[in-house]
Structure formats: C-alpha cells, structure tokens
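Per-entry structural report
As a plain string of letters, each chain reads:
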Amino acid sequence: MFDMFRAPFGRRAFLGGAAATVAVVATACNKPGDTAETRADAPTFSYTPSGDKQIGPRDPVSVRVQGGTFRPGVALTNTATGKQVKLTPSPDGVTYTSAEPLGYGATYAWSGAADGAGGTWSSLSGKVTVVSPDSTMSVQINIADDAEVGIAAPLILKFAGTVQDKAAVEKALQVVTTPPTEGGWAWLPEDNGSRAHWRPREYYKPGTRVSMTGKLYGLDHGGGKYGADDVTSSFVIGRSQIVKASAPSHRIRVMRGDQVFLDLPCSYGEADLPRNITRSGIHVVSEKHEDFYMSNPAAGYFNVHERFAVRISNNGEFIHANPGTVGNQGSSNVTNGCINLSLENAQTYFQSAIFGDPVEVTGTSIELSEADGDIYDWTLDWPTWQSMSALHQK
C-alpha cells in the first residue's frame, strides 16, 4: 500500500519540474507583453521614401523586407479611393516597387505582412504622400497621330508655360524612328511658353516612321510646376518633295526625288525695301488655305482675298496665286516678299504641298532667321542645333 501511494506522488513531482523548466526557457526569450510580431528577431521593413517627405507622382516608391519573406497580398492603396497601385516584386521577392505613377495630392498606405524565423512575423504600416503642385503644365504637339508629313517636318512641343528644368523634361522625351535616323531636340527661344523641337540631322528618308513618347505626367518641370499628362505622337514621312526657289530665275522648280515635278514661272519680293525681300534659306510648309485674307499694314493693304495660299514662314511669306502679277511672273520680282503664281499654277502646287515640305529659297540678300517666325530649324547647322539641347555636354 505504501509503495502504491508514493509512486503517483513521485510522478507528479517530475511533471512539475518539467513545467518549471519550460517556463524558464520562455522567460529567457520574451519580455513581458512580447508577441511573435514584436520580438526583436521579427522581420523589419525599409521604405522608399522614408519619413514624411512628400514625393512626386513618378518618384520611386518601394518596400523591402529584412529577415523574413513577404506573404502574398502586399498592397499600396490610395486611402481616399481604395484603389491599389500596380506593384512589381523583385526577382528574389524581398522588394515591391510601384509600377505606375501616383496621383497628385493623394496619400497611400502599405498593407501586408512578412514571416520570419521561429514563427515571428511583422505587419506593413508605412504611408506615402504625393505633392500637390502649385500648377500643372500642359503641352501641345504640332503633328497629329497617323499624319503623313514632308521630309523636313519638325516635331514641335509647345508648353503652356516656362519649363525651368529643361534637362529633366528632355530626358523624358524619347523618339524612335524606323529606319534609324540621327536627330535631336533643341529648345528654341520662349514664345508664350517653352518650345522643344526635334528634327533629323538631314531630311528624312521617305517612308520613315516616327514615334515619340513623353512621360511628362508627374514630372517636376521646375519652379513648382509639374507635367499635366503624358504625350505621344506617331506619324509617317511621305514622298520627297522639295521646292527649289531661285529668286534670280523668277521660277520655282518642284522636285520629286531627282525628277522635276513642276517648273513654274513666278515673281519674288521686289527687294526695294528689306521688308519686301523674300528670305533665303530652308523654309518649311506649315499650313495651307484655299482662301486666305492677307493684310500688310506697312504695304498699305488689308484683308485682301488671296487664293491657294501655302504658308512657308510665320513672317507672312506664302506661295500663292496673284493674278495681278501674272505679267511679271517668270521675268521680274515685284511682290512684297511672297512667291506669286498664276491661279492655275498656284492651284496645282497647292494640291501637291503637305506640312513639312522644304522650300529652299536662294539668291536674295537677307537670310531666314529667328526673327522670321516659328520654323527656322533648318537654317541652323547641326553643331548649333545640338548645342541647343538641354542635355548638350559642353
């Protein structure tokens, strides 16, 4: 009876000792109130950006885990709309990075968790705040998508204000040509806003395809202004047509490749005064109108109805019909600076012209320049053009 009584007591004493040992081990690992998420060896996170700094919509945003592995379901969410940002994981799975621009003035919150060793885990808790800009800046593009243009057509981006950080904007503009074509951006002088022009070094080859993408939304343009939208343009170069316009010849020759397409008598500027001199240099066809009303206060005429007017410079130079100078066309120059044709010849040329055709005027005493309008791109040699890039290395 005695042995039977003591055996259970001895077993209870042993189990009590084992329980005490476990309690000692647990006390050695945890502090009072510790959980698997708050232990010192739980996974930790590093956030980009860190702290409370406001960022631009295109600035890098990411989270990285140390000492653990992300669980599925990591998210960066707009706290106002509930919309989640597209994220891209790194190949090793330890980093998630935003894959699209964020919204102006929005706040985003990270959510998700990561598991560590020994059953530990940690929750994401970071926030990201996007700048509310003083203003956003839009941009206009001169060539519509799918347009067919001439071999000298410049691609023009006209900004709604002054771009102070031109280098940042130019880096965001990418032009791809097929076949590959050497070309570059230049910043022309301000004209109620900044102007960036892209042109090839030489005339395009016919059939060249041009595609431009500008990731300008969310891009800091400097001076507290950010891009309003991304921009694109995609167009094709048409046939090669060059107008050879020699003032002393009193004619224009319209070349299609190496062949003479049209050879027409005309009259150039009279050249009695500087304002009546047709400018020498490479002009570019910029627009055309079957009917156009011209005014030249210095010459004393207003709202004169002209037919088949093809603008070749913003200083008022056109190739157009002028029945009043037919008697001089082919023999003398009597105009105020335009190139005059007969009604029939003007219509024929008008129908052949497209935006971007070069008009090469020679034989006069004043050169086309910046003072003559918005498209004087081809009067600049290639080194000068390159020097006008914001990324030019001096």
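Residues numbered from 1 in each chain as written. Predicted model: local features only at pLDDT ≥ 70, side-chain atom pairs only at ≥ 80, totals over all residues. Heavy atoms only, no water.

1. Some points on the overall build of the protein
Check the secondary structure of the protein and you find four helices and 30 strands. Its C-alpha radius of gyration of 36 Å places the protein more than 25% over the 21 Å reference for a compact globule of 394 residues. Taking the principal axes of its C-alpha atoms as reference, the protein extends roughly 145 × 40 × 40 Å. Expressed as a percentage of the 394 residues in the protein, the buried residues total 42%. (Helix = DSSP H or I, 4+ residues; strand = E, 2+ residues; numbered from the N terminus. Rg over C-alpha atoms; globule rule 2.2 N^0.38 Å. Buried < 20%, exposed > 50% of the residue type's maximum accessible area, 1.4 Å probe, protein only.)

2. Focus on the pairing of strand β26 (residues 287-296)
Pairing analysis gives eight bridges linking β26 to strand β27 (residues 301-311), with the strands arranged antiparallel. Across the sheet, residue Glu-287 finds its bridge partner in β27, namely Arg-311. (Pairing = 2+ DSSP bridges.)

3. Quick look at the UniProt feature "domain: L,D-TPase catalytic" (unreviewed entry) in the protein
Cross-referencing UniProt, the feature "domain: L,D-TPase catalytic" (unreviewed entry) maps to residues 241-362 in the present numbering. With 8% helix and 46% strand, residues 241-362 has its two end C-alpha atoms placed 17 Å apart. (UniProt positions renumbered as here; feature names shortened; annotations may be inferred.)

4. Some remarks on the UniProt feature "active site" (unreviewed entry) in the protein
The sites that UniProt annotates as "active site" (unreviewed entry) are His-320 and Cys-338. Spatial clustering of the annotated residues is evident: they stretch over 19 residues in sequence, but the largest pairwise C-alpha distance comes to 7.5 Å. Of the annotated positions named here, the largest pocket is lined by His-320 and Cys-338. Mapped onto the secondary structure, His-320 falls in strand β28 (residues 318-321). Its place among the elements puts Cys-338 in the loop between β28 and β29 (339-341). Contacts of Cys-338, omitting those with residues within four sequence positions, involve Ser-267, Tyr-268, Gly-269, Thr-278, Gly-316, Glu-317, Phe-318 and His-320. (1 Å grid on protein atoms, 1.4 Å probe; cavity = no way out; pocket = protein on both sides within 12 Å on 5 of 7 lines; lining within 4 Å. Contact = heavy atoms within 4.5 Å.)

5. Overview of the environment of Ile-242
By the secondary structure assignment, Ile-242 is in strand β22 (residues 241-246). A sequence separation of 129 residues divides Ile-242 from Ala-113, and the C-alpha atoms of the two residues are 66 Å apart. Apart from residues no more than four positions distant in its own chain, Ile-242 is found in contact with Ile-151, Tyr-203, Arg-253, Val-254, Met-255, Pro-358 and Glu-360.

6. What to know about the side chain of Asp-372
Relative to the helices and strands, Asp-372 is located in the loop between β30 (358-362) and α4 (382-387). Asp-372 gets classed as buried once you look at its relative accessible area, which sits at 7%. Ignoring any residue separated from it by four or fewer positions in sequence, one finds Asp-372 in contact with Arg-279, Ser-313, Asn-314, Asn-315 and Glu-367.

7. Notes on the packing of aromatic side chains
The description of an aromatic ring pair uses the distance of the two centres, along with the angle that the planes make with each other. Following the criterion strictly, the structure yields ten aromatic pairs and no others. Over the ring of Trp-378 we find Arg-199; its NZ or CZ atom is 4.1 Å from the centre of that ring. Note that Arg-307 overlies the ring of Phe-308, its terminal NZ or CZ placed 4.6 Å from the centroid. (Phe/Tyr/Trp six-rings, centres within 6.5 Å; stacked < 30°, edge-to-face > 60°. Lys NZ or Arg CZ within 6 Å of the ring centre and 35° of its normal.)

8. Considering the confidence of the model for the protein
Residues shown with low pLDDT carry predicted positions that ought not to be read at fine detail. The share of residues in the protein with pLDDT of 70 or more is 91%, and the mean pLDDT across the chain is 91. The low-confidence segment residues 1-29, where pLDDT is below 50, has zero contacts with residues more than four positions distant or belonging to other chains. (pLDDT = per-residue confidence, 0-100.)

9. A word on the nonpolar core
Formed by 26 residues in total, the largest nonpolar core has its most connected members in Leu-155, Leu-157, Phe-159, Val-169, Trp-185 and Leu-216. With sequence-adjacent residues up to four places away left out, Leu-157 is seen in contact with Val-139, Gln-140, Ile-141, Leu-173, Trp-185, Ser-194, Arg-195, Ala-196 and Met-212. In terms of nonpolar packing, the next biggest core, distinct from the first, is built from 23 residues, Ile-252, Val-254, Cys-266 and Ile-339 among them. (Core = buried A, V, L, I, M, F, W, Y, C linked by side-chain atoms within 4.5 Å.)

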